[in-house]
Amino acid sequence: MRRKFDMGKIVLSDRDLALKSVHLRKKTLEAIYDAGAGHTGGGLSCLDILNVLYNRILNVSPETFGSATRDRYVQSKGHSVEALYAVLADRGFFPEADLKTICHYQSHMVGHPTRHISGIEMNTGALGHGLPICIGMALAGKMDSASYRVFTLLGDGELAEGSNWEAALAAAHYKLDNLTAIIDHNTLQISGHTRDVMSNEPLDEKWRAFGWAVKVVNGHDYAALTEALSQPAEIGKPTCIIANTTKGKGVSFMENVAKWHHGVPSDAELKQALSELDAAAAKLKEAA
Amino acid sequence: MSAPAPSMFTPAAKAMAEKLGLKMGRANLEEFAATLEELAKANPNIIAVTSDSRGSGKLAPFGKNLPKQLVEVGIAEQNLVGITAGLAACGKKSFGVSPGCFLTARSLEQIKNDICYSDVPAVLIGISSGTSYGALGTTHHSLHDLAVLRAINNITVIVPADNFETREAICFAAKATKPVFVRFGKAAMFNLHKPEIKFAVGKAIQLRDGNDVAFIATGETVIHALLAAGQLAERGLNCRVISMHSVKPLDTETILKAGRECNAVVTVEEHMVNGGLGEACAAVLLQNGMSKPFRIVGIPDEETVPGAQADIFRHYGISMEGLSETATKLLK
Ligand SMILES: [Mg+2]
C-alpha cells in the first residue's frame with residue numbers, strides 16, 4: 001500500500017515552485033479581477049499546497065485524468081476555485097486563456113469547481129462535502145486493491161460543518177491510509193477569526209482523538225509540504241495535515257485581513273498586488 | 001404488548017381484491033433486498049451503503065453473504081450520501097440505503113451536490129418511506145421527498161407500486177448511468193401486474209381502462225385506486241387506473257391521454273399534496289390547455305394525524321372507500 005515518494009520525480013526545485021507560486025498568485029488575482037468576484041484570501045492561502053500537490057505529489061495529469069488508477073483530489077473548500085483553476089491551467093488541463101471566462105455567461109467556469117472542467121473530480125462548493133466523498137473514493141480504492149491515493153483540502157472555518165466529523169469517524173474506522181485531508185489553517189473565515197466565530201482548536205488533538213495520524217506543517221514551505229504529503233503518515237490510519245497558512249499570502253495588504261476573504265481588487269489594488277508579486281519573483285531570481 | 005396493527009383494507013376492500021383476483025405478495029422492501037443481493041452476487045461492483053439501517057433495510061442477509069459489498073457508515077446520513085457518491089465516482093455501483101425520511105431531508109444537500117450535480121451513477125433507496133413508520137410520527141415520515149427531488153435536476157425518481165415494479169426499478173437502477181432514487185414502504189403489497197407487462201422508466205402502466213374517472217396513482221397507493229375502480233364499476237362507473245411509478249421523468253403522454261379521454265382525474269400519492277405527483281399532473285394538463293375536474297389525494301399541509309399507516313391512509317381518504325367517494329363527488 002505504502003508508495004514511497006520517488007525523489008526522482010521532483011523535476012521542479014523548491015525555488016522553481018516558489019517562482020511558480022508567484023506566477024500562479026498573479027493568475028489567481030487576475031482571474032478574480034476579470035471575474036469581478038472570487039475568493040481571494042483563501043485562494044492565496046492554499047496556493048502553495050495546490051502547487052506542491054499538482055507538481056510533486058498527485059499521480060495525475062491531463063493525459064491520465066481518465067485513468068482509473070489516478071490519484072484523486074477533491075477540493076472541499078470549493079470557493080478557492082480560482083487558485084485551483086490557475087494551477088490546473090498551468091499543468092495543462094485547459095488553456096490559461098480559459099481563466100478569463102470565470103463566472104462569465106455560459107462559461108462552465110462557474111465560481112466553484114465543476115466536473116465540466118478537466119481536472120475536477122467532483123462538484124464542490126457547499127462546505128463539509130469533500131471528506132465524505134473522499135471516503136467513498138478511498139473505500140473504492142481499497143476494495144479494488146488500487147494504488148491510488150485520495151486527497152482533500154478543507155478550510156479551517158469549514159470544520160464547523162458537522163459532516164466533517166461524521167466522515168472523520170468513518171475514515172479512521174475503515175483505516176483509510178490512502179486518504180489524506182489537508183486543512184488550510186489560515187485561522188480566518190468570512191466574518192473574522194475562526195477562534196471568534198466558532199473555535200475549533202486544538203485541531204491536532206481533535207483529529208488525533210478521532211483516530212487520524214496528524215502532521216502539522218508550514219503550508220507555505222514546499223519541502224515540508226512535500227515531505228508530509230509524499231506518503232501516508234501511518235499505516236492503518238488516515239492522514240490529516242494541518243497546514244498553517246496565511247490568508248492572502250503574498251500580497252502585503254491582503255495578508256491576514258478578513259475582508260479579503262472574497263474581496264475583489266480594484267484597478268489600483270491589482271496593480272499594487274501584481275507589482276509586489278513581480279518584486280518577489282525578481283528577488284527569487286536574484287537569490288539564485 | 002403492542003396493539004395489533006390496523007389493517008390497510010376493510011373487509012369490503014379485501015373482498016374486492018379477491019374479486020379482482022389480486023394475490024398478496026411480500027413487502028417491496030423485501031423484494032428490494034432480495035433483488036439487490038441477487039444482482040450483487042453477479043456483480044461485485046454493486047455496493048450497499050447503510051447507516052445502521054441494514055436491519056430496517058432487510059439487508060442483514062446481504063451483509064452476511066456479501067460482507068465485502070456492504071459499507072456501514074453508522075448513524076450518519078450525510079456521510080452515507082457523500083460516501084455513496086464517492087464510491088460511484090470511482091466505478092462502484094453504489095446503493096445508499098436509509099429510511100426515506102432521513103435520507104431525503106438530512107442529507108438533501110449531499111443528494112443535490114454530491115450525486116445529482118456531480119452526476120455520478122449512484123442509487124439512493126428510501127426505505128420505510130411515506131408514512132410507513134406511521135405512529136412513530138412526523139420525524140419518521142417522508143412526505144416531502146418527491147417534492148424536493150422533483151426540484152433537483154438530474155435524478156430519476158421511482159415509486160414502485162408492487163413487487164414487480166420494485167424489482168424492475170432496482171434492476172434499472174443497477175444499470176443506470178445517472179442518479180436514481182427509489183422509495184417504498186415496508187408493508188406487504190398485492191401483486192398488481194400480469195406477467196406479460198413490461199416496465200420502462202418514464203412510461204406509466206395502465207392497470208385498468210375506463211373513461212369516467214382516471215386515477216393516476218403512484219407507489220403503494222395504486223392498490224387503493226384499483227380497488228376503488230372495482231367498487232365504482234359495480235356502481236356503473238368505468239375508471240382508468242394508472243400506476244405512475246416514475247414520478248420523474250413523468251409520463252406526460254399518458255397523463256394527457258387520460259385528461260383527453262376521461263371526465264375527471266384523481267391523483268393519489270403517499271406524499272404531501274404540495275409539490276408531489278398531483279401538482280405535477282395538474283401542471284401537465286393545464287399547460288396543455290386541459291381543464292378537467294381534478295382532485296389531488298394525498299396528505300394535506302397539516303400536522304399529520306397520529307396513527308398507524310393504515311389509520312393515516314384511511315383518515316386522508318387513501319382507501320377504496322375514500323377514493324370511490326372522491327371520484328363520485330368529482331363527477332357531480
Ligand atoms: Mg479559513
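Residues numbered from 1 in each chain as written. Chains lettered and ligands numbered in written order. Predicted model: local features only at pLDDT ≥ 70, side-chain atom pairs only at ≥ 80, totals over all residues. Heavy atoms only, no water.

K.L.:
Can you walk me through the overall build of chain A in this structure?
P.N.:
Tallying secondary structure elements over chain A gives 9 helices and 7 strands in all. Taken over the C-alpha trace, chain A has a radius of gyration of 18 Å; the compact-globule value for 288 residues is 19 Å, and the two agree within 12%. Expressed along its principal axes, the backbone C-alpha trace of chain A runs to roughly 50 × 45 × 45 Å. A total of 288 residues make up chain A; the buried ones form 56% of that total. Taking the intrachain contacts of chain A between residues at least 6 apart in sequence as the baseline, contacts between residues at least 24 apart amount to 78%. Each charge class in chain A can be summarised by its mean position, and for the 30 positive and 33 negative side chains these summaries are 4 Å apart. (Helix = DSSP H or I, 4+ residues; strand = E, 2+ residues; numbered from the N terminus. Rg over C-alpha atoms; globule rule 2.2 N^0.38 Å. Buried < 20%, exposed > 50% of the residue type's maximum accessible area, 1.4 Å probe, protein only. Contact = heavy atoms within 4.5 Å. Lys, Arg positive; Asp, Glu negative; His and termini not counted. Charge placed at Lys NZ, Arg CZ, Asp CG, Glu CD.)

K.L.:
Would you take a moment to explain the sheet that holds strand β6 (residues 213-218) of chain A for this structure?
P.N.:
Residue and element names in this part refer to chain A. With respect to topology, 5 strands assemble into an open sheet ordered β1-β2-β3-β7-β6, the strand pairing being parallel. The two strands at the open ends of the sheet, each matched to only one other strand, are β1 (72-75) and β6. For this sheet, the mean inter-axis angle between neighbouring strands, taken without regard to orientation, is 20°. Examined bridge by bridge, β6 and strand β7 (residues 239-244) share 6 bridges and lie parallel to one another. Bridge assignment links Val-216 to a residue of β7, and that residue is Ile-242. Lying on the sheet, helix α8 (residues 222-229) is in contact with β2 (150-155), β3 (179-185), β6 and β7; it crosses β6 at an angle near 165°. (Pairing = 2+ DSSP bridges. Axes fitted to C-alpha atoms, helices over the stretch in contact; angles between N-to-C directions.)

K.L.:
What's the story with the environment of B:Gly276 in this structure? I'm lost.
P.N.:
Residues and elements named next belong to chain B. Structurally, the position occupied by Gly-276 is in the loop between β13 (264-272) and α11 (277-287). Residues Gly-276 and Arg-150 lie 126 residues apart in sequence; the distance between their C-alpha atoms is 7.8 Å. Those residues within four positions of Gly-276 in sequence are excluded, and the remaining contacts are Arg-150, Glu-269 and His-271.

K.L.:
Help me understand the interface of chain A and chain B, please; the structure alone is not making it clear to me.
P.N.:
How big an interface is tends to be stated in terms of accessible area lost as the parts join. Facing the 25 residues of chain A at the interface are 24 residues of chain B. A buried area of about 2,000 Å², summed over both sides, lies between chain A and chain B, and 56% of it is on carbon and sulfur atoms. Remark: the boundary between chain A and chain B carries 1 salt bridge. Where chain A meets chain B, there are 9 residue pairs in polar contact (both at pLDDT 80 or more). (Buried area = accessible area lost by both parts, 1.4 Å probe. Salt bridge = Lys/Arg side-chain N within 4 Å of Asp/Glu carboxyl O. Polar contact = N/O pair within 3.5 Å; in protein donor to acceptor, adjacent residues only side chain to side chain.)

K.L.:
Sorry, what's going on with the coordination of the magnesium ion here?
P.N.:
Coordination angles at a metal have ideal targets, namely 109.5 degrees for four tetrahedral donors and 90 or 180 degrees for six octahedral donors. All names here are of chain A. At the metal site, the magnesium ion is ligated by Asp-156 (OD), Asn-186 (OD1) and Leu-188 (O), and these contacts range over 2.1 to 2.2 Å. Read in sequence order, the donor residues for the magnesium ion give the motif D-x29-N-x1-L. Taken together, the positions of Asp-156 in the loop between β2 and α5 (163-173) and Asn-186 in the loop between β3 and β4 (188-189) put the pair 30 residues apart, joining distant regions of the chain. Of the two residues, Asp-156 and Asn-186, neither departs from the other in class, the shared state being buried. (Donors = N, O, S within 2.8 Å, 3.2 Å for Na, K, Ca; no water.)

K.L.:
I'm lost on the domain arrangement of chain B in this one. Help?
P.N.:
Residues and elements named next belong to chain B. In terms of domains, chain B is made up of domain 1 (11-22 + 196-331) and domain 2 (26-190). Here the C-alpha centroids of domain 1 and domain 2 sit 25 Å apart. Opposite the 32 residues of domain 1 that make contact, domain 2 presents 38 residues. Summing both sides of the interface, domain 1 and domain 2 together bury roughly 2,600 Å²; the carbon and sulfur share of this comes to 62%. (Domains from an automatic or database assignment.)

K.L.:
Help me out: how do you make sense of the sheet that holds strand β11 (residues 239-243) of chain B in this one?
P.N.:
Residues and elements named next belong to chain B. Read across the open sheet, the 5 strands follow the order β9-β11-β10-β13-β14; overall the sheet is mixed. The open sheet has two edge strands with one neighbour each: β9 (205-208) and β14 (294-299). Here the average twist between neighbouring strands, direction ignored, is 20°. Looking at chain direction, β13 and β14 are connected through 5 bridges and run parallel. Within β14, the position partnered with Met-272 by the bridge is Ile-299. Along the sheet, helix α9 (residues 222-234) contacts β9, β10 (213-217) and β11; its crossing angle with β11, the most-contacted strand, is approximately 170°.

K.L.:
Hey, could you run me through the pattern of salt bridges in this one?
P.N.:
When the charged atoms of two side chains lie near each other, side chains of opposite charge can form a pair. All names here are of chain B. All told, the structure shown has 28 salt bridges over all chains when counted by the stated rule. As a salt-bridge pair, Glu-325 and Lys-329 come within 3.1 Å of each other at their nearest N and O atoms. Linking Glu-325 with Lys-329, this pair stays in helix α13 (residues 320-331), spanning 4 residues, or about one helical turn. We classify Lys-329 as exposed; its relative accessible area is 54%. The structure contains a network of salt bridges with shared partners spanning Arg-26, Glu-31, Glu-38 and Arg-167.

K.L.:
Is there a simple way to explain the side chain of A:His220 in this structure?
P.N.:
Residues and elements named next belong to chain A. Here His-220 lies in the loop between β6 and α8. Judged by relative accessible area, His-220 falls into the buried class, the value being 14%. Among the polar contacts listed, one links the side chain of His-220 to the side chain of Asp-48, at a separation of 2.8 Å. If near-sequence neighbours (up to four positions away) are discounted, His-220 is found in contact with Arg-25, Leu-44, Ser-45, Asp-48, Leu-225, Asn-244, Thr-245, Thr-246 and Lys-249.

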